[in-house]
Amino acid sequence: MEISNQPSPENKNINLSFKDSKYATGRRKKSIARVWLQQGKGNIFINGKKIIDYFKKPNLQTTVFRPLKLVKKENDIDIKCTVKGGGSSGQAGAIVHGIARALVLLDPELRKTLKKQNFTTRDSRTVERKKYGHRKARRSFQFSKR
């Protein structure tokens, strides 16, 4: 596991062979992540880029590593994900959800520890829709008495 703020010098798409891997889908807000796991050296590729190049903020990088650190497999598993939709924090949450679900498929004994930390549960909180007659979802227009 290597987290740093410097992007890697090669910026080309990396094609990895994930033939005997476990697949899971993760969702958060409007983001959908497709995740493939297999035994390896701890490399994480998101949309063909290394995690350091894709997520510039260190807190999003550590968020993605959280389920791997919990089960102590951060240097044992290679991960390839494709994620689309939403913003960067929603995409990080979708990747975490997908990693946790794929880890359960890889080793069913990890389900108890991952479920205790709510990694396998989809976070259903989304943005509340705007209502007519209001400025935002609940904020009204300014009221003038006179």
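Reference entry: report on the structure contained in this document. Predicted model, so just to flag it, every value in this text is computed and none were measured.

The rules behind each value
Residues numbered from 1 in each chain as written. Predicted model: local features only at pLDDT ≥ 70, side-chain atom pairs only at ≥ 80, totals over all residues. Heavy atoms only, no water. Helix = DSSP H or I, 4+ residues; strand = E, 2+ residues; numbered from the N terminus. Buried < 20%, exposed > 50% of the residue type's maximum accessible area, 1.4 Å probe, protein only. Contact = heavy atoms within 4.5 Å. Core = buried A, V, L, I, M, F, W, Y, C linked by side-chain atoms within 4.5 Å. Pairing = 2+ DSSP bridges. Axes fitted to C-alpha atoms, helices over the stretch in contact; angles between N-to-C directions. Parallel < 35°, antiparallel > 145°, perpendicular 65-115°, else oblique. Left-handed = near helix turned anticlockwise from the far one by under 90°. Nonpolar A, V, L, I, M, F, W, Y, C, P; charged D, E, K, R; others polar.

1. Things to note about the environment of Ile44
Along the chain, Ile44 turns up in strand β3 (residues 44–46). A relative accessible area of 5% means that Ile44 is categorised as buried. The sequence separation of Ile44 and Cys81 amounts to 37 residues, and the corresponding C-alpha distance is 8.0 Å. Look past the residues within four positions of Ile44 in its chain and what remains in contact with it is Lys49, Lys50, Ile51, Val64, Phe65, Leu68 and Ile79.

2. Structural notes on the nonpolar core
If you look at the biggest cluster of nonpolar residues, it comprises 30 residues, and the most contacted ones within it are Ile79, Ile95 and Leu103. Considering each element in turn, this core owes the most residues, nine residues, to helix α3 (residues 88–106). The contact partners of Ile95, leaving out residues within four places of it in the chain, are Ala33, Val35, Ile46, Phe55, Val64, Cys81 and Val83.

3. Remarks on unusual backbone geometry
If a residue is not glycine, its phi is most likely negative; likewise, a peptide bond is most likely trans. Of note in this structure, Lys72 is not a glycine but carries a positive phi near 60°. Although it is not a glycine, Asn118 adopts a positive phi angle of roughly 60°. Position of Asn118 relative to the elements: it lies in the segment after α4 (111–116).

4. Here we look at the sheet that holds strand β4 (residues 49–50)
Read across the open sheet, the five strands follow the order β1-β2-β5-β3-β4; overall the sheet is mixed. Two strands close off the open sheet at either side, each with one partner strand: β1 (22–28) and β4. By the bridge criterion, three bridges tie β3 to strand β5 (residues 77–84) in an arrangement that is parallel. What sits directly across from Ile46, in β5, is Cys81.

5. Brief notes about the packing of helix α2 (residues 58–70) against α3
Viewed as axis vectors pointing N to C, α2 and α3 meet at an angle of 15°, and their least axial separation amounts to 8 Å. On the basis of the axis angle, α2 is roughly parallel to α3. Note on packing geometry: the crossing formed by α2 with α3 is right-handed. Across the interface between the two elements, Leu60, Thr63, Val64, Pro67 and Leu68 of α2 pack against Ser88, Ser89, Ala92, Ile95, Val96, Ile99 and Leu103 of α3. In terms of residue class, the contact of α2 with α3 is built from nine nonpolar, three polar and no charged.

6. Here's the deal with the side chain of His97
Relative to the assigned elements, His97 resides in helix α3. Setting aside its immediate chain neighbours within four residues, His97 contacts Thr25, Gly26, Arg27, Phe119, Thr120, Thr121 and Arg122.

7. Quick word on the pairing of strand β2 (residues 31–39)
When β1 meets β2, the two strands line up antiparallel, connected through seven bridges. Of the residues in β2, the one forming a bridge with Gly26 is Ala33. Joining the antiparallel neighbours β1 and β2 is a turn of two residues, in which Lys29 adopts a positive phi near 50°.

Spatial relationships are all this shows, so hold off on functional conclusions.
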